[in-house]
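# Working through the structure, step by step
The primary structure of each chain is shown beneath.
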Amino acid sequence: MARARVNGVDLSYEVVGEGEPLVLVHGSWVDHETWQRVVPHLARSFLVLVYDRRGHSRSERPPGRGSRRQDEDDLEALIETLGAPAHVAGNSFGASTALGLASRRPELLRSLTAHEPPLMSIVGDEDRELRRLMQAMEAAIDGVLNALRAGEHRVGAQRFVDDVAVGPGGWEQLPERFRETFTANAPTFADEQADPDWSRLDLARLSGYTGPALLTFGSESPPWFPVIVGKLATALGHAQIRTLVGDGHVPHLTHPERYADGLTAFIRSS
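Residues numbered from 1 in each chain as written. Predicted model: local features only at pLDDT ≥ 70, side-chain atom pairs only at ≥ 80, totals over all residues. Heavy atoms only, no water.

### Some remarks on the sheet that holds strand E4 (residues 46–51)
Taken together, eight strands build an open sheet; the order of strands is E1-E2-E4-E3-E5-E6-E7-E8 and the sheet is mixed. Of all the strands in the sheet, the pair left with one neighbour each is strand E1 (2–6) and strand E8 (240–244). Across the sheet, the mean angle separating the axes of adjacent strands is 25° when strand polarity is ignored. Both strand E5 (residues 86–91) and strand E6 (residues 109–115) contribute to a ladder of six bridges, which runs parallel. Within the sheet, the bridge partner assigned to His87 lies in E6 and is Ser111. Across the face of the sheet, helix H2 (residues 68–82) comes into contact with E1, strand E2 (9–17), strand E3 (20–25), E4 and E5 while running at roughly 155° to E3. Contacts from helix H3 (residues 93–104) reach E3, E5 and E6 within the one sheet, and its direction differs from that of E6 by about 145°. (Pairing = 2+ DSSP bridges. Helix = DSSP H or I, 4+ residues; strand = E, 2+ residues; numbered from the N terminus. Axes fitted to C-alpha atoms, helices over the stretch in contact; angles between N-to-C directions. Contact = heavy atoms within 4.5 Å.)

### Focus on the pattern of salt bridges
Evaluated as defined, the whole model comprises 20 salt bridges. Arg53 is the salt-bridge partner of Glu192, the closest N and O atoms lying 3.0 Å from each other. Of this pair, Glu192 sits in helix H8 (residues 186–194) while Arg53 sits in the loop between E4 and H2, and the two are 139 residues apart along the sequence. Relative accessible area serves as the criterion here: at 7%, Glu192 is assigned to the buried category. (Salt bridge = Lys/Arg side-chain N within 4 Å of Asp/Glu carboxyl O. Buried < 20%, exposed > 50% of the residue type's maximum accessible area, 1.4 Å probe, protein only.)

### Looking at unusual backbone geometry
With glycine set apart, most residues show a phi of negative sign, and most peptide bonds adopt trans. Cis geometry marks the peptide bond from Ala84 to Pro85, where omega comes out at -5°. Turning to its location among the elements, Pro85 is positioned in the loop between H2 and E5. Phi at Ser92 takes a positive value of approximately 55°, unusual for a residue other than glycine. Mapped onto the elements, Ser92 comes out in the loop between E5 and H3. Residue classification places Ser92 among the buried residues on the basis of a relative accessible area of 11%. At Glu116, a position not held by glycine, the phi torsion is positive, near 50°.

### Some points on H8
Residues Ala186, Thr188, Phe189, Glu192 and Gln193 constitute the buried set of H8. Buried residues along H8 cover an arc of 155° about the axis, so they all sit on one side. Here the buried face of H8 lies against H3, helix H4 (128–149), helix H5 (153–165) and helix H7 (176–184). (Arc of directions from axis to C-beta.)

### Observations concerning the packing of H4 against H8
Packed helix pairs are characterised by how far apart their axes lie and by the angle those axes make with each other. As a packed pair, H4 and H8 sit with axes 10 Å apart at the nearest point and diverge in direction by 120°. On the basis of the axis angle, H4 is oblique to H8. When the axes of H4 and H8 are compared, the crossing they make is left-handed. Along the contact surface, H4 presents Ile141, Val144, Leu145 and Leu148, while H8 presents Ala186, Phe189, Ala190 and Gln193. In terms of residue class, the contact of H4 with H8 is built from seven nonpolar, one polar and no charged. (Parallel < 35°, antiparallel > 145°, perpendicular 65-115°, else oblique. Left-handed = near helix turned anticlockwise from the far one by under 90°. Nonpolar A, V, L, I, M, F, W, Y, C, P; charged D, E, K, R; others polar.)

### Brief notes about the nonpolar core
Across soluble globular proteins, you tend to see nonpolar side chains buried next to one another. Core analysis: the largest hydrophobic core is formed by 62 residues, its most contacted members being Val23, Trp29, Ile228 and Leu232. Apart from the residues within four sequence positions on either side, Trp29 is in contact with His56, Val144, Leu148, Gly156, Ala157, Phe160, Thr181, Phe182, Asn185, Ala186 and Phe189. Counting residues in hydrophobic clusters, the runner-up holds 17 residues, among them Val38, Val50, Leu263 and Phe266. (Core = buried A, V, L, I, M, F, W, Y, C linked by side-chain atoms within 4.5 Å.)

### A word on the pairing of E2
Two faces make up the sheet, and in a regular strand the side chains alternate between them. Here five bridges tie E1 to E2, and the two strands are oriented antiparallel to one another. Looking at E2, one finds that Arg3 is bridged to Ser12. Relative to E4, E2 runs antiparallel, the two sharing five bridges. Paired with Val16 across the strands is Val48, a residue of E4.

### Description of the environment of Leu42
The topology assignment puts Leu42 in helix H1 (residues 39–42). As for Leu42 and Leu232, which are separated by 190 residues in sequence, their C-alpha atoms are 26 Å apart. When neighbours within four sequence positions are excluded, Leu42 is seen to be in contact with Leu22, Leu24, Val48, Ala260, Leu263 and Thr264.

### Details of H2
Over its 15 residues, H2 runs 21 Å from end to end, which matches the ideal 21 Å to within 8%, given 1.5 Å per residue. Of the residues making up H2, those classed as buried are Arg68, Asp71, Glu72, Asp74, Leu75, Glu76, Ala77, Leu78, Ile79 and Leu82. Residues of H2 that are buried in the fold lie against E1, E2, E3, E4, E5 and H3. Gly83 occupies a position one or two residues after H2 and carries a positive phi of about 125°. (Expected span 1.5 Å × (residues − 1).)

Written out as structure tokens, the structure is:
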């Protein structure tokens, strides 16, 4: 993989294919390899850039508390290096990052695709049952963070998979190399959670993005994601919304061909 000095940090990235530029932004705990099942398909139509976000795997982990704004700035610099504007697709925290950049630098994006950004702060309190479920999830994340603060990175990673992301037994189903990646990137998850703005987004400012937008959530995902997607769609006004039937939080892993086909079709139609 190549290296780029971006905003004072060395980022590891890879570019494959040809065509209009497409940047894929991964979520927490993982790295660029989470896209490996869709990149060959997407590279037939696009110049695809995948990278490890700061603090993840092969990219540099700077000292001190970071912020999602720094990830947005890194994405901005990579887009400009690749050749702005670019299509951008993000998953989870990567989707939050892409949306944050779209709200600040809309001219950099040819199109925006966001799957299940965990922007919990934009969910209101009007649904009591939904709020109860979110509080249970937040309590589980607190358990994860307690383990990470104690230096028990593998324990924290396992708790995240079993108690938050997948369900009991999910950790044991992961290949060991994925467990090692989760463990290695655990400190960055704690760092992300320490950012007071990690789950916030200025919806009024987001409305300034007028380019093509696709917002998705999985039918098997927690019930707050459709609410988040709905609020984002209202702010954007023109976004497409899709429910990915049979998918959860990582559709590019569970149904890679379908994900790649859907993303390609959306970009071409836009």
